[in-house]
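# Fold and geometry: a report
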Amino acid sequence: MFVSITSQIQREDPYSQSDLHFQGQISHICHELRQQTSPQAGTPWSHRLYQASEQAVAVLKQNDHEYSNISVIRQALRSLPNDSLVFTGNSLSVRLLDTYAETYPVQPKLFANRGLSGIDGNLSTALGIAQAEQKPILVCLGDLTLLHDLNALGVAAQMNTPF
């Protein structure tokens with residue numbers, strides 16, 4: 001579904017792709033949409049969702065010793081020193097970090113390429129961040145994302161900053 005929100009009376013959809021169009025102050029429209037679509041705290045629905053989330057976390061903690069994408073992400077985040085840098089690729093990597101990262105005493109600076117970047121140049125971006133910050137960086141990428149920027153490893157070999 002394609003939704004457009006504009007503050008002007010005329011439609012800004014020259015190709016008529018919008019399934020739904022809202023006209024008005026964008027902040028007011030977003031506020032109203034959120035009010036009408038967000039579950040209210042304390043409702044049976046929100047309690048069930050919270051309980052299901054807690055059960056999922058308990059299962060993850062029980063199976064944390066097993067080798068999986070989830071356990072690797074969790075163990076890597078636990079081992080980070082204070083003020084660490086983390087770069088995540090698109091798709092599964094960012095979803096794993098978002099879904100399975102617990103709140104740790106150490107909060108890393110998280111970076112990602114979004115938008116039209118796709119899977120090209122992610123490793124180069126991470127190396128540039130490490131170089132600019134002069135700190136080591138944890139890079140979480142999928143295999144195809146790494147392959148699309150494999151030549152960045154040549155640059156990495158000349159850097160003094162570990163990743």
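Bear in mind that the values here come from a model prediction, so they are computed numbers and not experimental data. (Residues numbered from 1 in each chain as written. Predicted model: local features only at pLDDT ≥ 70, side-chain atom pairs only at ≥ 80, totals over all residues. Heavy atoms only, no water.)

## Structural notes on the environment of Ser-27
What counts is decided by this rule: Helix numbering and strand numbering both begin at the N terminus, where a helix is a DSSP run of H or I of at least 4 residues and a strand a DSSP run of E of at least 2. The cut-offs for exposure are 20% and 50% of the maximum accessible area for each residue type, with area from a 1.4 Å probe on protein chains only; residues under the lower value are buried, those over the upper are exposed, and the others partly exposed.
You can see Ser-27 is positioned in helix α1 (residues 26-37). For Ser-27, a relative accessible area of 52% corresponds to the exposed category.

## Some points on the sheet that holds strand β3 (residues 85-88)
Stated precisely, the cut-off is as follows: Here, strands pair whenever DSSP counts at least two bridges between them. Between N-to-C directions, angles span 0 to 180 degrees; the directions come from axes that are lines fitted to C-alpha atoms, helices contributing only their stretch in contact.
In space, the three strands of this open sheet follow the order β4-β3-β5, with parallel pairing throughout. Where the open sheet ends on each side, the last strands, each with one partner, are β4 (109-112) and β5 (137-140). Each strand of the sheet is rotated relative to its neighbour by a mean of 20°, with strand direction disregarded. The sheet contact formed by β3 and β5 spans four bridges and is parallel. If you follow Leu-85 over to β5, its bridge partner there is Ile-137.

## Quick notes on the pattern of salt bridges
Our working definition: Definition used for salt bridges: Asp or Glu carboxyl oxygen within 4 Å of a side-chain nitrogen of Lys or Arg.
Here the structure, examined in full by the defined rule, presents two salt bridges. Where Asp-83 meets Lys-135, a salt bridge forms, and the shortest distance between an N and an O atom there is 3.1 Å. Taken together, the residues span a long stretch of sequence, with Asp-83 in the loop between α3 (69-78) and β3 and Lys-135 in the loop between α5 (122-133) and β5 at a distance of 52 residues. Note that Glu-133 and Lys-109 form a salt bridge whose closest N and O atoms lie 3.4 Å from each other. Taken together, the residues Glu-133 in helix α5 and Lys-109 in strand β4 connect sequence positions 24 residues apart.

## Looking at the nonpolar core
Heads up, the rule is: What we call a nonpolar core is a set of buried Ala, Val, Leu, Ile, Met, Phe, Trp, Tyr and Cys residues that are connected through their side-chain atoms within 4.5 Å. Contact criterion: two residues are considered in contact whenever any of their non-hydrogen atoms come within 4.5 Å of each other.
The biggest cluster of nonpolar side chains holds eleven residues, and these are Leu-85, Phe-87, Leu-123, Ala-126, Leu-127, Ile-129, Ala-130, Ile-137, Ala-152, Ala-156 and Met-159. Secondary structure elements with two or more residues in this core: β3, α5 and α7 (152-156). Those residues in contact with Leu-85 that lie beyond four places of it in its chain are Lys-109, Phe-111, Ile-129, Ala-130, Glu-133, Lys-135, Pro-136, Ile-137 and Leu-138. With seven residues, the next largest nonpolar core counts Ile-73, Leu-77, Leu-80 and Leu-97 among its residues.

## A look at unusual backbone geometry
Here Gln-134, not a glycine, exhibits a phi torsion of approximately 55°, which is positive. Examined against the element boundaries, Gln-134 turns out to sit in the loop between α5 and β5. A relative accessible area of 52% places Gln-134 in the exposed class.

## Describing the environment of Ile-29
Mapping Ile-29 onto the fold places it in helix α1. Given a relative accessible area of 12%, Ile-29 falls into the buried group. In this structure, the C-alpha to C-alpha distance between Ile-29 and Ser-7, residues 22 residues apart in sequence, is 9.8 Å. In this view, Ile-29 contacts Ile-5, Phe-22, Gln-23 and Gly-24; residues no more than four positions away in its chain are not counted.

## Focus on the confidence of the model for the chain
Rules: pLDDT is a residue-level measure of predictor confidence that goes from 0 to 100.
The predicted model of the chain has a mean per-residue pLDDT of 79, with 83% of residues at 70 or higher. Model confidence for the chain, summarised as mean pLDDT per element, is weakest for strand β1 (residues 3-6) at 74 and strongest for α5 at 93.

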